Amino acid sequence: MAKKRKAQPQRQSLPKLRERARNALHRGDHREALELYKQLFKQQPDADTRADLAVAYLNRAAELAVKGHYRDAAALWENMAGSCGEREQGVYIEWLLLGGRVERGARLLQEADATLTDSNEAARLHALLALVLLGQPAAAGEALPADSPLWEQREAMLSALQAYCAGDDDALRESLKAIPFRSAYRDLRSLLQALARRDSEPGEAREQLRRIPAHSPLAPLARSLATHDGADDTALIGLPAPLRDLLLALRGWTPARREALSRFPTGDPENAKAVLRFALGVEDVDPALLRRFCLAWLPRHPEGMASVERKIGPLSNAEREWVKAQAGEWQRDPDTLKRHWPRCAEALVKEDRPLAAALVFRHLADILDNARASHPWDSAPQQYLQRALELDPADRAGYLKLIGLARREGDSKLQQTWAERAAKQFPEDVEIRLLAADVAYRRGAFKQAAGHAASALARDSLNPAARSELLLSHVAMARQHVKQGRHDLAQRDLQALDGTLSGSEPRAILALVRSLVHLDDKQRDAAQQHLRTAIDALGEGLATRFRFLVHGKRMYISQRTLTRLYNEVSPPKQEPAPTPATLMELASLIRRFRIDGDEEILDTLDQLQKPLKDAARLDLEEDQYRTLLDALFEVEHHALLAHYGRIASRHFLGHPRFLFFEIFGRHKGDETGLNHTDHFRLKHVMDVAESQEDQQLMEWIDDFLYDGLPPFLGDVGLPTQLPSMPPMPPEVRAVLEEVMDRLGTDDPMEALQFIMEMSDEEDDDAMFPPLPFPPRGRRR
Amino acid sequence: MNDPYLILEVAEDADDATIHRAYLQKVRAFPPERAPARFQAIRRAYETLRDERVRRRHRLFPEGPPPATDLLAAPASGNGRPDLDTLLAALDWSLRAPGLEDGHG
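Every value quoted in this text rests on a predicted model; they were computed, and no experiment measured them.

J.: Could you give me a rundown of the overall build of chain B, with the residues and numbers involved?
T.: Each helix and strand counted, chain B has six helices and zero strands in total. Considering chain B as a whole, with its 105 residues, one finds that 43% of them fall into the buried category. Within the structure as shown, chain B displays about 5,600 Å² of accessible surface, and the carbon and sulfur contribution to it stands at 51%.

Quick look at the structure:
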């Protein structure tokens, strides 16, 4: 730092000079203040100026002492004494002692002893001298007589210090006995006693440290020890080195480890290179901890692997591969992680750690599965999951995940293989049993499905899913028996189930199916009787009729036969009008029955179309419309979808889903027939869906429009601008070009929009509800 | 401190019972009403080491590297007594440290 320019002696008026000197003093610029007072004193050597000059000397000297320049401070004091007379002799002695002029300091202290009025100051100076002599006895020279008791006490104190450091508390106590109460070493004695008892009586030790008086030269150390004793190690990093070293030594830190702290990475805590360098320099750390620590950081700095191995010993192959794979994840580098995770897992297998290897394979499968969007046909996730299950057959989640993946791929064989293995591995697990039942059912293995459902029900007799699965499987089996003409077997099976199942609905369904078996077996009376039982339990109405017809059609019984029997038992004229609840039940049935295919559902919905359309007069809530329309959309019954979609759109103007359902239904799910008005409606629906973050609806619209757009309108949605005239059929191009000419525009989109607006005006769209969104800007 | 072994003061090869014992001991020493942050750390550490399966998972897929301070928090092997030079250096520092009340420098 550049030195301040010395104040140039200038001829200034005395008042001005005095004012400058005062100002310098007030703002703490003691160096300048001293120079100015010196000038002032030369010009006006009166008593006041002398007093001010003395203060300036002392302030400047104190400033230097704080910086550790005790010799300079003492020299300034001597200058002050020469110019202004002696004062504040205590600080002078202190600076002499701390500045290495111990003999003079000691002599002055002996001479001034009687004149030092402040007893605290006297005590402080004597303690200071005693402590200074502890390390440099010769420095006292001739100032202290050889028979001074301080020499004897010094020897005792040195013995005490050595005994304490050696951990010999008996010797410590003995040595401290030689230190009298009034000794200059009394504060050090207290400090040592406190340190010695800090393990056994920490509270008392802290209290003893706090009792060391504030004027003692050992007060800063005593207070710091009391304050920082329980602090975190890292909180000590900012302390002065001698104090920090002592505190860490008291915590058992060896010198080497303390030295490492000075290299603690204080910059970016994520700087792996710096952290590892620090870690490798720390001595006296549990090797297992150091190994864990280094391994955890290595993926962020794999280049440091060799250095780490030199310190903690060689890593295993699995550990090396683990570091590289984790580094790949950290760097988001799929190639690296795909290369090293499998190697890591295989290395773990070789190290006889199959469960860890399984975990790695599962992790890898998860990563790859999450990246499916970019690799939809990648079968690696399944392969890794299979490998994981081979290594860890008790991993329940692994089975579920694998079955889920196989289901998503539509691989029913693989689904069943793993569902059966899972059921074998976890025979008591109700959820696994139900999953296995479902998988088996979907594969047409109804007997197997029934077995799993029965096992689940045996373990959880109130489980409604297990009950439903059991019923479903037996009904399917009955259907198979009926197809084979084995009505007796079907009846027997259903009858047996009747005794097992509780609850009115399952038993009613059994009765309904038994009625159908009788009907197919030409036992009309029995069929009527069972149907009556079923209708009594399920209630008369559209939903029960729907159930009966779908089940019956699945047994290949003709619609006419079914309708006749049903009408005999429940004449249509007596049938209660549908309610919103009926429609909700119907929606639920459509979804449930889809497991066996859509054909009979669609057929039955066709058959019941009139009463269902009449029921559209009912005032449904928004969520009821949505439930019904979702079900109709799933099964793709276009006529009812269009009908209910239109009515729902009128009730709830601007509802994007309802509008989509209406358009989808009206065009029978075939986008090729879409007119421009509907295209634009769908575009607006897409915009609304996007703003509402309705991903499902956006996907539906995408799927619907994907192949149906004219080639120049792109593949997804409808772009608002066409950059140029793309390829299109010649007749379309001719029309478009003519309109562009007339409009005087080069933008085909503008022309196209004009055409559509014109068609809008003269359209036959009166049947559609008004657009629920503001019309696009018109251009005439 | 992030390292669960360090927090519970158990060895890396400690079994479930040892870990459970260490956990209970720590919870008794640092109950939630007196040391809520420490208690939470102890809970988290126990959840990480609770059984072999989660331990394995933690070892293979740690949430992130531990802070460098973990190494400093490890128990040290010294006897808790400084060497004479260290003690004398600290005493010397105290003589030269700014006074607490009426010290001059």
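The discussion continues.
J.: Describe the nonpolar core, and please don't skip the residues or the numbers.
T.: Counting residues in each nonpolar core, the largest one holds 141 residues, and the members touching the most others are Met157(A) and Leu191(A). For this core, the element with the highest residue contribution is helix α8 (residues 149-166) of chain A, accounting for ten residues. Aside from chain neighbours lying at most four places away, what touches Leu191(A) is Leu209(A), Ile212(A), Leu218(A), Leu221(A), Ala222(A), Leu225(A) and Leu91(B). Counting 92 residues, the second largest nonpolar core, distinct from the first, contains Leu494(A), Leu497(A), Leu628(A) and Leu641(A).

J.: So what's going on with the layout of surface pockets? Residues and values would help.
T.: All names here are of chain A. Estimates place the volume of the second largest pocket at around 410 Å³. Along the wall of the second largest pocket there are 17 residues; nearest its centre are Ser468, Leu471, Leu472, Ile509 and Arg592. Looking at the lining of the second largest pocket, the elements that each hand over two or more residues are α26 (464-483), α28 (504-520), α30 (542-554) and α32 (580-593). Considering each element in turn, the lining of the second largest pocket owes the most residues, seven residues, to α26.

J.: Provide a residue-level description of the side chain of Glu319(A), including the pertinent values.
T.: Residue and element names in this part refer to chain A. Along the chain, the position of Glu319 falls in helix α18 (residues 317-330). A polar contact is formed between the side chain of Glu319 and the backbone nitrogen of Ser316, at a distance of 2.8 Å. The residues touching Glu319, leaving out its near neighbours within four places in the chain, are Arg291 and Leu295.

J.: I'd like to hear about the interface of chain A and chain B, residue by residue, with values.
T.: Facing 79 residues of chain A, the contacting portion of chain B comprises 49 residues. Along the contact surface separating chain A from chain B lie six salt bridges. The closest approach of N and O atoms between Asp3(B) and Arg292(A), which form a salt bridge, is 2.8 Å. Run the count over chain A and chain B and you get twelve residue pairs in polar contact (both at pLDDT 80 or more).

J.: Give me the lowdown on the pattern of salt bridges, citing residues and values where you can.
T.: Tallied over the full model, the rule gives 69 salt bridges over all chains. Residue Arg60(A) pairs with Glu63(A) through a salt bridge whose shortest N-O separation is 2.6 Å. Residue Arg60(A) and its partner Glu63(A) are both found in helix α3 (residues 47-66); the two are separated by three residues, about one turn of the helix. Look at Arg60(A) and you get buried, because its relative accessible area is 13%. Note that Asp392(A) is salt-bridged to Arg53(B), the shortest N-O span being 3.4 Å. On the criterion of chain membership, the pair formed by Asp392(A) in the loop between α21 (380-391) and α22 (396-409) and Arg53(B) in helix α4 (residues 52-60) is interchain, its members lying in two chains. Sharing partners across several salt bridges, the network here consists of Asp16(B), Glu52(B), Arg55(B), Arg56(B) and Arg59(B).

J.: Give a description of α30(A) that names residues and reports values.
T.: Residues and elements named next belong to chain A. The end-to-end C-alpha distance of α30, which contains 13 residues, comes to 18 Å, matching closely the 18 Å that a straight helix rising 1.5 Å per residue would cover. Counting buried residues along α30, 13 of its 13 residues qualify, which places the element largely inside the surrounding structure. Just downstream of α30 lies Tyr556, where phi reads positive at about 65 degrees.

J.: I'd like to hear about the packing of aromatic side chains, residue by residue, with values.
T.: All names here are of chain A. Under the counting rule described, the total for this entry stands at 23 aromatic pairs over all chains. Relative to Tyr384, the ring of Phe361 has its centre 5.8 Å away and its plane inclined at 15 degrees; by these criteria the two rings are stacked. Of the two residues, Phe361 sits in helix α20 (residues 354-370) while Tyr384 sits in helix α21, which places them 23 residues apart along the sequence. Arranged with centres 5.6 Å apart and planes meeting at 45 degrees, the rings of Phe661 and Trp700 form a pair that is tilted. Separated by 39 residues along the polypeptide, Phe661 in helix α37 (residues 656-666) and Trp700 in helix α39 (residues 695-705) bring together distant segments of the chain. Neither Phe661 nor Trp700 differs from the other in exposure class; each is buried. Three or more aromatic residues joined by ring pairs make a cluster, and in this case those are Phe633, Phe660, Phe661, Phe664, Trp700 and Phe704. Between Arg300 and the ring centre of Trp330, over which it is positioned, the NZ or CZ distance is 3.5 Å.

J.: Tell me what's going on with empty space enclosed by the protein, and back it up with residues and numbers.
T.: Residues and elements named next belong to chain A. Enumeration according to the criterion identifies five cavities of 30 Å³ or more in this entry. When its volume is computed, the largest cavity comes out at roughly 60 Å³. Taken together, Leu195, Arg198, Pro202, Ala205, Arg206, Leu209, Leu225, Asp229 and Leu250 make up the full set of residues lining the largest cavity. Per-element tally for the lining of the largest cavity: the top contributor is helix α11 (residues 202-210), with four residues. Its residues placed into classes, the lining of the largest cavity shows six nonpolar, no polar and three charged.

About the criteria used
- Residues numbered from 1 in each chain as written.
- Chains lettered and ligands numbered in written order.
- Predicted model: local features only at pLDDT ≥ 70, side-chain atom pairs only at ≥ 80, totals over all residues.
- Heavy atoms only, no water.
- Helix = DSSP H or I, 4+ residues; strand = E, 2+ residues; numbered from the N terminus.
- Buried < 20%, exposed > 50% of the residue type's maximum accessible area, 1.4 Å probe, protein only.
- Areas by Shrake-Rupley, 256 points an atom, 1.4 Å probe, with all protein chains shown as cover.
- Core = buried A, V, L, I, M, F, W, Y, C linked by side-chain atoms within 4.5 Å.
- Contact = heavy atoms within 4.5 Å.
- 1 Å grid on protein atoms, 1.4 Å probe; cavity = no way out; pocket = protein on both sides within 12 Å on 5 of 7 lines; lining within 4 Å.
- Points joined across faces, edges and corners; volume = space filled by probe spheres on them.
- Polar contact = N/O pair within 3.5 Å; in protein donor to acceptor, adjacent residues only side chain to side chain.
- Salt bridge = Lys/Arg side-chain N within 4 Å of Asp/Glu carboxyl O.
- Expected span 1.5 Å × (residues − 1).
- Phe/Tyr/Trp six-rings, centres within 6.5 Å; stacked < 30°, edge-to-face > 60°.
- Lys NZ or Arg CZ within 6 Å of the ring centre and 35° of its normal.
- Nonpolar A, V, L, I, M, F, W, Y, C, P; charged D, E, K, R; others polar.

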